[in-house]
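Residue-level structural notes
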Amino acid sequence: MLNSVSISNKINKFNYTINNISGDKSLSIRWALMASQAVGISKCFNILNSEDVNNTIASLKKLGIKIKKKKNYCEIFGKGLNGFSYKNNTIINAGNSGTFARLIMGVLASSKNAVIIKGDKSLSSRDFGRVIKPLNLFGVKINSKKNKLPIKIRGNNFLRPINYFEEKGSAQVKSCILLSALNTFGETTIKCKKSRDHTEKLFKYLNLPVKINKNKNFEIIKIKGKKQYKGFDYKIPGDISSASFFIALTLLANKSKILLKNININKSRTGILDILKKMNAKIKLKNKKIYKGEPVADISISSASKLKAINCPTSYNSRCIDEFLIIFLICAKAKGVSYFKNLKELRNKESNRLKISINFLKMIGIKVVSKSNNLKIYGNPDLKLKKSYIIKNFKKDHRVFMMSCVAALTLGGKWKIFDKDSINSSFPKFLKVLKNIGAQIN
Ligand code: S3P
């Protein structure tokens, strides 16, 4: 079967409500990991049904955790901190998931039998030095070639707490350290650049001894280890990263509206909303509430014909790290020149998203200037495409595929977009939801 889609019609004039976009990926993986370390049963509704989460669950099962996946919920029978039971040199497969691979290393830090972590081609080309460095300081032994997967990790039960400066603004690195510290006697201190804070919020909800001091640019997190906690139930809210493709689709279409219900609006994830508001988008948040420490709301958005360029503050970067591809596409249709700085981390995602964005924008006739890790996008509100476009997506990046579909449905032209299977890592329902709204996709 062909692993591509063809799009040659624009979508316009829709008014649609998405009740359940799909569960948040970061929270689904964190819930599963934390539930595996809890004492007793945890139950989770609306867990994301995607390859990244399924690889998480399959790996935890290989590490000796009983997990039942029912139609409406998932149950994990946790065996407490360091409760894994598995044979030496057990192999687990993280697939495409950087989040699972890096966070499980924190959990395995105190586990004495060796585990070999492997991943797909894209994940195997990504840097793991960023988590190997702090884990070595805890006292964990790790073997790898050039800090890449496959990695062999052999933990131990005599870890020493660390004092660490996390300077990349990576939530995966921070969370890996937090999970390792949870199973280490004594107090670990992390000074870190701000990044998504789901792990800390979950720790607080579970009454784990974590203290956070925030200032403008950094946070100091202190965590004391070895406190056991009980199983807990959870209902995963919608994923703002998946929602962002529909936000962009609506903004760039004509005379359309969308309501996205029950989306996680954690401040460390809503950079895209703040950027779009500054660009003149009409976005409203309704039914705001806090669910187990995480803010949730319905997001409503209408098409905008007069978008203006943005000078994006670098403090927003980590708050929209997974949304840059789609934000750049919106900037292509905005009036004026948009500026982005310090985008180095964008090169280290499922693909080099900075390079891919630059090539993509040039391909659709948008002037871009890029020096080191900064980007200028010269928007064209009259952009209308008529040619044929083929998107090869060599690294099978799910977000490159979804961004390309939004471009095809809103800018015109004839498109063939490859690697539709890539959506299985984060948002398997993506094409189905698009078709429900009225998109013509073959
Ligand atoms: C994630 C953190 C981010 C993000 C990724 C999910 C997480 O990565 O890009 O998709 O769940 O912690 P970094 O921590 O590498 O920035």
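Remember, predicted model here, so these are calculated numbers, not experimental data.

1. Observations regarding the overall build of the chain
- A tally of regular secondary structure across the chain gives 12 helices and 22 strands.
- For a compact globule of 442 residues, the expected C-alpha radius of gyration is about 22 Å, and the chain comes in at 21 Å, within 12% of that figure.
- Based on the C-alpha atoms only, the size of the chain along its principal axes is roughly 65 × 45 × 45 Å.
- The buried share of the chain, reckoned over its 442 residues, is 58%.
- A sequence separation of at least 24 residues applies to 76% of the contacts in the chain between residues at least 6 apart.
- Across the chain, the 86 positively charged side chains and the 25 negatively charged ones have centroids separated by 2 Å.

2. Concerning the domain arrangement of the chain
- Splitting the chain by domain gives domain 1 (4-22 + 237-437) and domain 2 (25-234).
- On a C-alpha basis, the centres of domain 1 and domain 2 stand 29 Å from each other.
- With 27 residues of domain 1 at the contact, the number on the domain 2 side is 25 residues.
- Summing both partners gives a buried area of about 2,300 Å² for domain 1 against domain 2, and 44% of it is carried by carbon and sulfur.
- It is Lys292, Glu350 and Ser425 in domain 1 that bury the most area against domain 2; as a group they hold 24% of the surface buried on that side.
- Between domain 1 and domain 2 we count 3 salt bridges in total.
- For Glu350, the salt bridge identified is with Arg126, shortest N-O distance 3.9 Å.
- Across the domain 1-domain 2 interface, the total number found is 18 residue pairs in polar contact (both at pLDDT 80 or more).
- Of all elements in the fold, only β17 (294-302) and α11 (398-411) reach the threshold of two or more residues within the side of domain 1 that touches domain 2.
- The residue inventory of the side of domain 1 that touches domain 2, partitioned by class, reads 5 nonpolar, 12 polar and 10 charged.

3. Considering the site of the ligand
- As a structural note, the neighbourhood of the ligand is formed by Ser26, Arg30, Thr99, Arg130, Ser170, Ala171, Gln172, Arg196, Ile321, Asp322 and Lys349.
- Contacts to the ligand include Ser26, whose side-chain N or O atom sits 2.7 Å from an oxygen atom.
- Within the contact set of the ligand, an oxygen atom lies 2.8 Å away from a side-chain nitrogen or oxygen of Ser170.
- Within the complex, 95% of the 380 Å² of free accessible area of the ligand lies under protein.
- Elements with a contribution of two residues or more to the shell around the ligand: α1 (25-36) and α5 (171-182).
- Within the shell around the ligand, the residues separate by chemical class into 2 nonpolar, 4 polar and 5 charged.

4. What to know about the pairing of strand β18 (residues 337-340)
- Only one face of β18 is covered, namely the one carrying Ser338 and Phe340; the face carrying Val337 and Tyr339 has none of its residues buried.
- Two elements, β18 and strand β20 (residues 374-378), share 4 bridges in a ladder whose sense is antiparallel. Each residue of the ladder has a partner; that of Val337, found in β20, is Tyr378.

5. Some words on the side chain of Arg196
- Along the polypeptide, Arg196 turns up in the loop between β11 (187-193) and α6 (198-205).
- Side-chain polar atoms of Arg196 contact the side chain of Ser26, separated by 2.9 Å.
- At 3.3 Å, the side chain of Arg196 and the side chain of Asp322 are in polar contact.
- What Arg196 contacts, discounting residues up to four positions off in sequence, is Ser26, Arg30, Ala171, Lys174, Ser268, Arg269, Ile321 and Asp322.

6. Regarding the pattern of salt bridges
- Enumeration according to the criterion identifies 17 salt bridges in this entry.
- Here Arg130 makes a salt bridge to Glu345, at a shortest N to O gap of 2.9 Å. With a gap of 215 residues between them, Arg130 in helix α4 (residues 129-138) and Glu345 in the loop between β18 and α10 (353-363) connect regions that are remote in the sequence.
- On the basis of relative accessibility, which here comes to 9%, the residue Arg130 falls in the buried class.
- Residues Arg353 and Glu350 are paired through a salt bridge, measuring 3.1 Å at the closest nitrogen-oxygen approach. Considered together, Arg353 and Glu350 belong to a single accessibility category, that of buried residues.
- The structure contains a network of salt bridges with shared partners spanning Arg126, Arg196, Asp322, Glu350, Arg353, Asp397 and Arg399.

7. Here we look at helix α8 (residues 271-278)
- Among all positions of α8, only Gly271, Ile272, Leu273, Ile275 and Leu276 are buried.
- In this structure, the buried residues of α8 make contact with α7 (240-252), β16 (283-291), β17 and α9 (324-332).
- Downstream of α8 by one or two residues, Asn280 has phi in the positive range, about 95 degrees.

8. Some thoughts on the packing of aromatic side chains
- Counted by the stated rule, this structure contains 13 aromatic pairs.
- Pairing Phe324 with Phe328 gives two aromatic rings, centres 5.5 Å apart and planes at 25 degrees, and the pair type is stacked. You can see Phe324 and its partner Phe328 sitting in helix α9, 4 residues apart, about one turn around the helix.
- Relative accessible area serves as the criterion here: at 1%, Phe328 is assigned to the buried category.

9. What to know about the nonpolar core
- Grouped together as the largest cluster of nonpolar side chains are 84 residues, with contacts concentrated most on Phe246, Phe340, Ile364, Trp415 and Phe430.
- Ranked by the residues each element gives to this core, the list is headed by α11, at 10 residues.
- Ignoring anything within four residues of it in the chain, the contact list for Phe430 reads Phe245, Phe246, Phe401, Met402, Cys405 and Ile423.
- Formed by 68 residues, the second largest nonpolar core is a distinct cluster that contains Ala94, Ala109, Val131 and Ile153.

Definitions and cut-offs
- Residues numbered from 1 in each chain as written.
- Predicted model: local features only at pLDDT ≥ 70, side-chain atom pairs only at ≥ 80, totals over all residues.
- Heavy atoms only, no water.
- Helix = DSSP H or I, 4+ residues; strand = E, 2+ residues; numbered from the N terminus.
- Rg over C-alpha atoms; globule rule 2.2 N^0.38 Å.
- Buried < 20%, exposed > 50% of the residue type's maximum accessible area, 1.4 Å probe, protein only.
- Contact = heavy atoms within 4.5 Å.
- Lys, Arg positive; Asp, Glu negative; His and termini not counted.
- Charge placed at Lys NZ, Arg CZ, Asp CG, Glu CD.
- Domains from an automatic or database assignment.
- Buried area = accessible area lost by both parts, 1.4 Å probe.
- Salt bridge = Lys/Arg side-chain N within 4 Å of Asp/Glu carboxyl O.
- Polar contact = N/O pair within 3.5 Å; in protein donor to acceptor, adjacent residues only side chain to side chain.
- Nonpolar A, V, L, I, M, F, W, Y, C, P; charged D, E, K, R; others polar.
- Near = heavy atom within 4 Å.
- Areas by Shrake-Rupley, 256 points an atom, 1.4 Å probe, with all protein chains shown as cover.
- Pairing = 2+ DSSP bridges.
- Phe/Tyr/Trp six-rings, centres within 6.5 Å; stacked < 30°, edge-to-face > 60°.
- Core = buried A, V, L, I, M, F, W, Y, C linked by side-chain atoms within 4.5 Å.

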